[in-house]
Amino acid sequence: MRVLGYPPAVGDGTGRKYAAFISYNREADAAVAAALQQGLQRFARPWNRLRALRIFRDDTGLSANTGLWASIVAALGDAEYFILLASPEAAVSPWVDREVEHWLATRSAETVLVAVTDGEIAWQDGTFDAAQTTCIPTALYGSLAEEPRWVDLRGLRGVPDLTLSVPTLRSAVADIAATLHHRDKDDLVGEDIRQFRRSRRLARSAIGALIALTLVATGAGIVATRQSAIAEQRRQDAVRAADLATYRQLVAQADATRTGDPILAAQLGLAAAAISDGERARASLTATLVGSRMQAAAATQTGIIRRITSSHDGKLLAVGADRGVTLWDASNPHRLTLVAGPLEDIYELNAVAFSPDDTVLAVAEGGSGKVTLWDLADRHAPAALGTPFVVGGRIDDLPVSIAPDAHSFLFAADTFGLAIVDISDRSHPRIAPVPLAPGRAYADIALSLDRSTLAAAWHDNGINHIELWDLRQPGRPRPTGTLTVDGDPDAAFQGVSSLAVSPSGNRLAATFNDAIGGAYLWDVSLPAQPVLLAKVGGESANHHAVAFSPDGHSLALALEDYRIAVYDLPDGSAPVMAHELVGQHDTAMALGFSRDGATLISGDTGSLVIAWDLATASWVRPLGEPFDTNGRGAKAVVYARRPDGVTVVIQTGVGGAVITKVTEDGEPDDKTWLQTGESGHGVPTVAAADGITLAASVGARTIQLWDVSGAPRKVGVITLPGSAELVETAMSGNGSLLATLDDDDQVRLWDLRDRATPRDMGTVADARYIDQMTFTPDGRYLLIDASGMGRRPLILVDTGRGSTPRVVHKAFGPPDIAYGTAISPDGRTVAVSTLGGILLWDITDNGAVHQLPVRLKAGAGHATTLAFSADGRTLVTASTDQPIQVWDFADREAPTLVADPGYGQAVAVAFGPGARFTATEPDGRVRIWSADALASARNNLRARACAIALGGLPEARWRELVAGRAYTATCP
């Protein structure tokens, strides 16, 4: 068959990857598109080839960057023909229209093949008749020279087991395949029959050969038995190798799609975790959660979402769509759970609202003006109240608003203005008209949360008007002002596309179908003198939803490219972009805030509802303001919860320490200054990370040990042997070991398990120009930084934990100076700060040290203080000129920057209880930081990822990506 004219024959030398690109609406024609693709690949397939043709379909053709327009453009460029599955759903799909438009911009219309799955086609005056044609995208109108021929696939939707055995499909496949193969249809059908017969003959021959082989195999049974163990081992090795390759591929795909499609990234990361719950999968899922504000997603399967509203108690969410209203449990922001619905099949839903006491839900149809009230006494089984009623006119894209009492709803109708519906008797609601401007047809209304201000929009001859009304007496509205915005009288769509009034009625936001400039924001504190504050959202007029937060301090705007912008609205100044939310799969048509303003809910044209987190300022945040401890000159800091349950910050320096008790909120509670020795010796006091033991220089060769678990008290003394004087000290996290450096460049270990009588364990290293010594928390390893030596300055000592210490690794590290070092609590990883970034070494092999292929670099300057968390999963870095940065170390070969607040310089950082750490700032003040949000996400990683993964990787996609492994449901 030849469609849309007779395309010129294109030889095999085109070099294109695909014979055709299938464009279709996934919700309506996924099964038909898959069957067509499979049929074209199998029809007339030679026996020795996997497929007759390569056909691109988005569910099977896209790889790591599925959902990105660039991938679709690449696939279009690699295809010889364009197959359009025409249907009413495809005709209104922005993706299908965009694909057709791109194809026609780069290729001839003669290479477009049409297959109709539903709807009608009519041709008149050289183009499609728009009045009768229901299945052709707008981009195809006017692009054809003559009336096209097309293949009829109508009636195939819903057919079970849709294969080439279905006559209608087989005939259509033969028609299209003839064009793709550049052969006559009858010739190609004959070829298909010949190939089928040949395959059958080969199968019969194969059966005979198998019988012969079976006889031979019987004689070789003994040999096979001996080889079975080897074969099974090899099979297991092959399975493990295949699983590992698939695991790595899934993680790589998740990493590649994360920025544009966090839903797909979560699906891929969960699939990888199902194969192996390894570090890389956990790191990938963590990065997906941290990199997006998406906290829950659900597919409603109810068509285009038109309205979203939250109950007054914040526990229920009503989502109104073309195919009904669904109710969702909104009490847990990290999970959207369906409570009830769809309530009914609704035509042109345009209004949905809760009564003030949340016992009744009102649902209105725009076209008919019909209103249905639903009793929510049992939220899991809403019941219709009485008979649906008609307000008195067409409710044309007008939201329902709530009157000031618990027994009334306020509606708008284009015939007379407003109507108050009294539902005191829910079986017989009473309707009271409240005229605004007689004879005026309003396009949209919006009511402030305090119910004081009403905005009503209408248009006339290209001019958009928005009237403001004082509604404090609902039965007697009073006009207070009017705004006008010039539009385009020739635009296909005119008037307001979205309208919102701030909760107190002092601001107004609107978007227009025919006015360029994004969303308009006015100050209407003086309604008679409105002031345009700003235009936000770019120059496009294609914004379909705008909403104010309940406190009026934020404005959400749905942008045309599937993004959502959230603006802060400071008093007296222009709006400031606060968040850019990415991850919608289609255009957002409805926006709604939770009652506390912490969550934004969006609904798009593809039935997808997403809950966005607006409350978490950062995964890592400061607890209050920094507090002054008089700790100026501090060289180190400890943050610990003592055995008595008291949390303390201990800043140590030359001659003493400041011990500050802090509350759970990070506020200072009590402070003790401990004078530990004479400052003239220049050796800083050190403290154990458990906050119990201090070691302070009190002379050239003497160290005083202190117990600070309660009131400070002296517990023991250390005296260096010989005549060498003390230069530096370091203490293990549990206070069991002390390392001393003297001016003879000798590093000596001391066993402090009996602090009253410390034991000299001898010299463990002899190196010049030692700058720093660092223990692991359990004291197993001591890392010595001799940066003054130049290249490879690090030495690693196994302390023996009180027995015989030994040097494990010597002369490793960066080729230049190390500005700061840290060793992970498990003793596996050394982190070193250099001018070129932070470098990592694997020290698990006692025979060799391996540098990891990682360089952490996220800002200017270099870090001078580093600290690992107790579980080793987080690294904090900072310096006096570089702010705090926090890295996720779930996968040490691919650490992820999870927090970079842009402030918080520090001379010393240390982790303390839970997921919190402290930083001593250059002026000596202390700031407590919390990573509780990050820890919560990690501890509930699978549940949090499943909340946005729409049930996990679909089974069809699993079979494509995870070959040879049975499907595993990745989410409950």
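Please read all numbers here as calculations on a predicted model, not as lab measurements.

J.: Can you walk me through the overall build of the protein in this structure?
T.: In terms of helices and strands, the protein carries 13 helices and 64 strands. Taking all 972 residues of the protein together, the buried fraction comes to 53%. Surface summary for the protein: the accessible area is close to 41000 Å², and the carbon and sulfur share equals 50%.

J.: What's the story with the packing of aromatic side chains in this structure? I'm lost.
T.: Each pair of aromatic rings is reported with the distance of its centres and the angle of its planes. Counted under the stated rule, the structure contains 14 aromatic pairs. Feature note: the residues Y18, F21, F56, F82 and W103 constitute an aromatic cluster, connected by ring pairs.

J.: Would you mind showing me how to read helix 12 (residues 941-948) here?
T.: Along an α-helix, residues three or four apart share an orientation, since each turn contains 3.6 residues. Summarising burial for helix 12: six of the eight residues are buried, a large majority. Turning to helix 12, its buried residues are L941, R944, A945, C946, A947 and I948. Residues of helix 12 that are buried sit in contact with helix 9 (262-275), helix 10 (279-290), strand 8 (294-299) and helix 11 (932-939). Backbone geometry just downstream of helix 12 places L950 in the positive-phi region, at approximately 55 degrees.

J.: Looking at this structure, I do not really get the pairing of strand 22 (residues 444-447). What am I missing?
T.: Both faces of the sheet carry side chains from a regular strand, because those side chains alternate between them. Residue alternation in strand 22 divides its side chains into two sets, D444 and A446 and I445 and L447, and both sets are buried. Linking two consecutive strands that pair antiparallel, namely strand 22 and strand 23 (residues 453-460), is a turn of five residues; a positive phi of about 65 degrees is found at R451 within it.

J.: Please clarify how the sheet that holds strand 3 (residues 79-86) should be interpreted in this entry.
T.: Adjacent strands of a sheet pair through backbone hydrogen bonds, lying either parallel or antiparallel. Overall, parallel pairing links the five strands, which are arranged 2-1-3-4-7 in an open sheet. Looking at strand neighbours, the two that pair on one side only are strand 2 (55-56) and strand 7 (151-152), the edges of this open sheet. Note that strand 1 (residues 18-23) and strand 2 share two bridges and pair parallel. Bridging across to strand 2, A20 finds its partner in I55. Seen against the sheet, helix 1 (residues 26-42) touches strand 1, strand 2 and strand 3 and runs at an angle of roughly 145 degrees to strand 3.

J.: Before we go on, may I ask you to explain the environment of F889 in this structure?
T.: With respect to the helices and strands, F889 occurs in the loop between strand 60 (885-888) and strand 61 (896-899). For F889, a relative accessible area of 6% puts it in the buried group. Sequence separation between F889 and T874 is 15 residues; the distance between their C-alpha atoms is 5.3 Å. When neighbours within four sequence positions are excluded, F889 is seen to be in contact with L840, L856, F868, G872, R873, T874, L875, P895 and R938.

J.: How do you make sense of the UniProt feature "repeat: WD" (unreviewed entry) in the protein when you look at a structure like this?
T.: As recorded in UniProt, the feature "repeat: WD" (unreviewed entry) lies at residues 734-760 and 856-897. Within residues 734-760, the helical portion is 0% and the strand portion 52%, while the C-alpha atoms at the span's ends are 18 Å from each other.

J.: What am I meant to see in the pattern of salt bridges here?
T.: Note that side chains of opposite charge can pair when their charged atoms are close. Taken as a whole, this structure holds 35 salt bridges when the rule is applied. For R828, the salt bridge identified is with E279, shortest N-O distance 3.4 Å. With R828 in the loop between strand 54 (820-823) and strand 55 (829-834) and E279 in helix 10, this residue pair connects regions lying 549 residues apart in the sequence. The partner of D888 in a salt bridge is R938, with the nearest N and O atoms 2.4 Å apart. Residue D888 is located in strand 60, and its partner R938 is located in helix 11; the two are separated by 50 residues in the primary sequence. A relative accessible area of 10% places R938 in the buried class.

The rules behind these values
Residues numbered from 1 in each chain as written. Predicted model: local features only at pLDDT ≥ 70, side-chain atom pairs only at ≥ 80, totals over all residues. Heavy atoms only, no water. Helix = DSSP H or I, 4+ residues; strand = E, 2+ residues; numbered from the N terminus. Buried < 20%, exposed > 50% of the residue type's maximum accessible area, 1.4 Å probe, protein only. Areas by Shrake-Rupley, 256 points an atom, 1.4 Å probe, with all protein chains shown as cover. Phe/Tyr/Trp six-rings, centres within 6.5 Å; stacked < 30°, edge-to-face > 60°. Contact = heavy atoms within 4.5 Å. Pairing = 2+ DSSP bridges. Axes fitted to C-alpha atoms, helices over the stretch in contact; angles between N-to-C directions. UniProt positions renumbered as here; feature names shortened; annotations may be inferred. Salt bridge = Lys/Arg side-chain N within 4 Å of Asp/Glu carboxyl O.

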